[in-house]
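An overview of the molecular structure
The primary structure of each chain is shown beneath.
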Amino acid sequence: MSAISLPRLHLAHLPTPVEELPRLSAALGGPRLLVKRDDQTGLAFGGNKTRKLEYLLGAAQAEGARTLITGGAPQSNHCRQTAAAAARHGFACILVLAGEPPQHASANLLLDTLLGAEIVWCAPQERDSVMRQVFEQAEAAGRRPYLIPYGGSNSTGATAYAYAMRELLAQNVHPDWIVVASSSGGTQAGLAAGKHLFGCESKILGISIDKPEVELSAGIVAGLASQVCARLGKAHTFGAGDILVNDGYRGGGYGVMGEAEIEAIRLFARTEGLLLDPVYTGRAAAGLLDLIRQGFFSPEESVLFWHTGGTPVLFAERYAPRLV
Ligand SMILES: *Cc1c(COP(=O)(O)O)cnc(C)c1O
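Below or above, wherever it landed, is the structure these notes cover. (Residues numbered from 1 in each chain as written. Predicted model: local features only at pLDDT ≥ 70, side-chain atom pairs only at ≥ 80, totals over all residues. Heavy atoms only, no water.)

Re the site of the ligand
Around the ligand lies a shell of 17 residues, among which Lys49, Lys52, Ser184, Thr187 and Thr308 are the nearest. Contact distances for the ligand include 2.6 Å between an oxygen atom and a side-chain N or O atom of Lys52. Between the ligand and Ser184 there is a distance of 2.5 Å, counted from an oxygen atom to a side-chain nitrogen or oxygen. When the ligand is considered free in solution it has 380 Å² of accessible area, and contact with the protein chains removes 98% of it. Of the pockets mapped on this structure, the ligand occupies the largest pocket. When contributions to the shell around the ligand are tallied by element, the ones reaching two or more residues are helix H2 (48-62), strand E7 (177-182) and helix H7 (186-198). A total of 3 residues in the shell around the ligand trace back to one element, the largest contributor, which is H2. Split by residue class, the shell around the ligand holds 2 nonpolar, 12 polar and 3 charged. (Near = heavy atom within 4 Å. Polar contact = N/O pair within 3.5 Å; in protein donor to acceptor, adjacent residues only side chain to side chain. Areas by Shrake-Rupley, 256 points an atom, 1.4 Å probe, with all protein chains shown as cover. 1 Å grid on protein atoms, 1.4 Å probe; cavity = no way out; pocket = protein on both sides within 12 Å on 5 of 7 lines; lining within 4 Å. Sits in = over half its atoms within 2 Å of the grid points. Helix = DSSP H or I, 4+ residues; strand = E, 2+ residues; numbered from the N terminus. Nonpolar A, V, L, I, M, F, W, Y, C, P; charged D, E, K, R; others polar.)

So, the pattern of salt bridges
In total, this model carries 12 salt bridges according to the counting rule given. Note that Arg8 and Glu54 form a salt bridge whose closest N and O atoms lie 2.7 Å from each other. Placement of the pair is Arg8 in the segment before strand E1 (18-20) and Glu54 in helix H2, with a sequence separation of 46 residues. Look at Arg8 and you get partly exposed, because its relative accessible area is 44%. Among the salt bridges present, the one from Arg51 reaches Glu167, with a minimum N-O distance of 2.8 Å. Highlighted residues: Arg51 in helix H2 and Glu167 in helix H6 (residues 155-170), separated in sequence by 116 residues. The exposure class of Arg51 is buried, given its relative accessible area of 3%. On the basis of relative accessibility, which here comes to 12%, the residue Glu167 falls in the buried class. (Salt bridge = Lys/Arg side-chain N within 4 Å of Asp/Glu carboxyl O. Buried < 20%, exposed > 50% of the residue type's maximum accessible area, 1.4 Å probe, protein only.)

Some remarks on the nonpolar core
Within the largest apolar cluster, 38 residues are counted, with the highest numbers of intra-cluster contacts made by Leu24, Val179, Phe268, Leu288, Phe297 and Phe305. At the level of elements, helix H1 (22-28), strand E2 (32-37), E7, strand E8 (203-208), helix H9 (259-272), helix H10 (281-293) and strand E10 (302-307) are the ones that each hand at least two residues to this core. For Leu24, the residues in contact, after removing those within four places along its chain, are Leu33, Leu267, Phe268, Thr271, Glu272 and Leu289. Counting 36 residues, the second-largest nonpolar core is a separate cluster that includes Tyr55, Ala192, Cys229 and Val245. (Core = buried A, V, L, I, M, F, W, Y, C linked by side-chain atoms within 4.5 Å. Contact = heavy atoms within 4.5 Å.)

With respect to the packing of helix H3 (residues 77-89) against helix H4 (residues 107-114)
Running from N to C, H3 and H4 point in directions that differ by 20°, and their axes come no closer than 9 Å. Comparing the axis directions of H3 and H4 gives the class roughly parallel. Crossing geometry of H3 relative to H4 is assigned as left-handed. Here Asn77, Cys79, Arg80 and Ala83 of H3 lie close against H4, whose contacting residues are Asn108, Leu111 and Asp112. The class makeup of the residues in the contact of H3 with H4 is 3 nonpolar, 2 polar and 2 charged. (Axes fitted to C-alpha atoms, helices over the stretch in contact; angles between N-to-C directions. Parallel < 35°, antiparallel > 145°, perpendicular 65-115°, else oblique. Left-handed = near helix turned anticlockwise from the far one by under 90°.)

Digging into H3
Structural remark: α-helix, 3.6 residues per turn; residues separated by three or four positions point the same way. In this model H3 runs 18 Å from its N-terminal to its C-terminal C-alpha over 13 residues, within 8% of the 18 Å that 1.5 Å per residue would give. With respect to burial, H3 is a largely interior element, 10 of its 13 residues being buried. Where H3 is concerned, the buried positions are Asn77, His78, Cys79, Arg80, Gln81, Thr82, Ala83, Ala84, Ala85 and Ala86. The secondary structure elements touched by the buried residues of H3 are H2, strand E3 (67-72), strand E4 (92-98) and H4. Where H3 starts, the residue carrying a side-chain oxygen 3.2 Å from the main-chain nitrogen of His78 turns out to be Ser76. Taken from the residues just after H3, Gly90 is the one with a positive phi, measuring 75°. (Expected span 1.5 Å × (residues − 1).)

So, the packing of aromatic side chains
Evaluated as defined, the whole model comprises 8 aromatic pairs. Between Trp177 and Phe296, the aromatic rings sit 5.2 Å apart at their centres with planes inclined by 55°, giving tilted as the arrangement. One end of the pair, Trp177, is in strand E7; the other, Phe296, is in the loop between H10 and E10, with 119 residues separating them in the sequence. For Trp177, a relative accessible area of 9% corresponds to the buried category. Among the aromatic residues, those joined into a cluster by ring pairs are Tyr55, Tyr163 and Phe198. Against the face of Tyr280 rests Lys49, its NZ or CZ located 5.6 Å from the ring centre. One cation-aromatic arrangement involves Arg51 over Tyr161; the distance from NZ or CZ to the ring centre is 5.6 Å. (Phe/Tyr/Trp six-rings, centres within 6.5 Å; stacked < 30°, edge-to-face > 60°. Lys NZ or Arg CZ within 6 Å of the ring centre and 35° of its normal.)

Some remarks on the environment of Asn108
You can see Asn108 is positioned in helix H4. Using a relative accessible area of 0% as the deciding quantity, one classes Asn108 as buried. C-alpha separation for the pair Asn108 and Gly310, spaced 202 residues apart in sequence, amounts to 8.9 Å. Excluding residues within four positions of it along the chain, Asn108 makes contact with Gln75, Ser76, Asn77, Arg80, Pro312 and Val313.

Written out as structure tokens, the structure reads:
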């Protein structure tokens with residue numbers, strides 16, 4: 001492997017554990033199931049953004065930045081982890097949240113404030129222009145801003161997941177399949193790059209949270225995976241055929257928790273004591289359950305569910321009452 005090493009600030013508890021899910025597997029009469037616990041990355045309730053932020057903060061620090069700016073949905077896990085990462089390393093943090101401020105801040109939004117982030121609200125269709133404005137104002141005020149994209153998904157952030165794949169290999173875990181929630185695409189892209197760079201045999205299946213298959217696989221994920229390989233000094237071009245995405249579980253759209261998500265959250269909780277979230281892992285797990293029930297995986301195969309976090313959202317006002 002190349003000697004290229006990107007600047008990185010420490011945030012995550014690594015390696016995250018890999019666990020067996022025998023009771024869930026038995027309940028489904030399905031293949032061997034494992035879980036990679038990236039809900040346990042350790043920073044303010046953890047999640048996949050913590051890994052990405054190690055490299056994004058490394059880049060911010062290398063540029064002499066003092067203020068991190070990012071954006072997302074009101075219950076964004078990415079924003080909560082960015083606020084925590086900023087606090088941990090002494091940056092200021094401004095979050096641009098798309099939507100209406102609720103009457104009572106709960107879950108991630110409560111944590112954003114607790115973690116000291118400044119919050120700017122905007123209409124969803126204005127989010128890019130407001131992010132730019134906020135950046136320019138911070139620059140003019142001498143706050144040395146650094147812009148982190150939605151979901152931390154540029155080649156800097158996604159690189160973390162190439163290294164996460166290397167971490168899994170070092171744990172001597174070689175599942176036939178890896179199933180992961182995919183939205184801004186950085187996690188799946190990093191895993192795909194890591195599979196290529198570090199010689200992993202597992203097939204990686206992204207369950208799309210909100211985007212049509214071609215947009216995510218051929219567009220975002222293949223493009224980012226190619227950039228990650230280039231960043232790490234081993235150019236490789238990924239095409240649509242290299243990236244597996246299933247977009248059949250998008251239900252009512254982003255953030256809409258339906259019966260399938262509720263069933264998956266309950267089943268994981270009651271068979272394994274494992275908590276998922278209403279937006280990402282609940283949806284990806286609902287896809288996994290359906291694929292198992294359809295016989296998509298053969299009984300001899302093993303499937304690793306890459307848990308990407310999001311669990312604070314279980315306590316969001318919008319979802320909690322429907323989970324009990
Ligand atoms: C952001 C997020 C994802 C999606 O990861 P991407 O890299 O944006 O595709 C999945 N699960 C959770 C809990 C997330 O917060």
